[in-house]
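The chain contents come next:
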Amino acid sequence: MSILPIHVLGSPVLRQRSPEIVQIDDALRRLVDDMLETMYAAKGVGLAANQVGVARRVAVIDAEDQKYVLVNPVILESSGRATSEEGCLSIPDIYADVTRPDRVVVEATDRDGNQVRIETEGLPARAIQHEIDHLDGILFIDHLGPMKRRMLLNRWKREHEKDASYVREVKPASAGQI
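Here is what the cut-offs are and how they apply
- Residues numbered from 1 in each chain as written.
- Predicted model: local features only at pLDDT ≥ 70, side-chain atom pairs only at ≥ 80, totals over all residues.
- Heavy atoms only, no water.
- Salt bridge = Lys/Arg side-chain N within 4 Å of Asp/Glu carboxyl O.
- Helix = DSSP H or I, 4+ residues; strand = E, 2+ residues; numbered from the N terminus.
- Buried < 20%, exposed > 50% of the residue type's maximum accessible area, 1.4 Å probe, protein only.
- Contact = heavy atoms within 4.5 Å.

Moving on, we get to the pattern of salt bridges. Under the defined criterion, the tally for this structure stands at 17 salt bridges. One salt bridge connects Asp112 with Arg111, and the closest N-O pair in it is separated by 3.9 Å. The residue Arg117 makes a salt bridge to Glu119 at a minimum N-O spacing of 3.9 Å. Three or more residues joined by partner-sharing salt bridges are found here, namely Glu77, Arg103, Glu107, Arg117 and Glu119.

And the structure:
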């Protein structure tokens, strides 16, 4: 397994809708394993393939002891409303309150090609919605009002004006830090 670099705000792949995956194969399973290792090293609860520069419709989530590999995920139902702070591995150090449905029902394929149906709420539901947004080229800041979004984008630009790349390396976590 490998820790992959994470694409950050400004990288064009983050704004692309990822195409459907047609075949579950060893290459996809390796990508999933690498994404999980990258997510854990970066101390995230979810990661979409386009965040590691791969335009494929797959995401991994591990939130509140609920671990999912979602290939071609589709939200079938959602209900409730909850507002909570969100951040993103592709927009480090930027956080904002986002309102989303509190409960979702999702269908997807797992890493072995099995169809799965997931019903969850709270943080796992939020993480699933956040990652599916990524697969559609949507960032959490797109859910904010125009003034809040502009303020956060201006802050990001100020803090990252000297960055030479839209990619950041993730350092392996030290033992016991995950």
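Turning our eyes to something else, we now look at the environment of Met1. Here Met1 shows up in the segment before strand E1 (6-7). By relative accessible area, which is 72% here, Met1 ends up exposed. In this structure, the C-alpha to C-alpha distance between Met1 and Thr38, residues 37 residues apart in sequence, is 9.3 Å. With sequence-adjacent residues up to four places away left out, Met1 is seen in contact with Asp33, Asp34 and Glu37.

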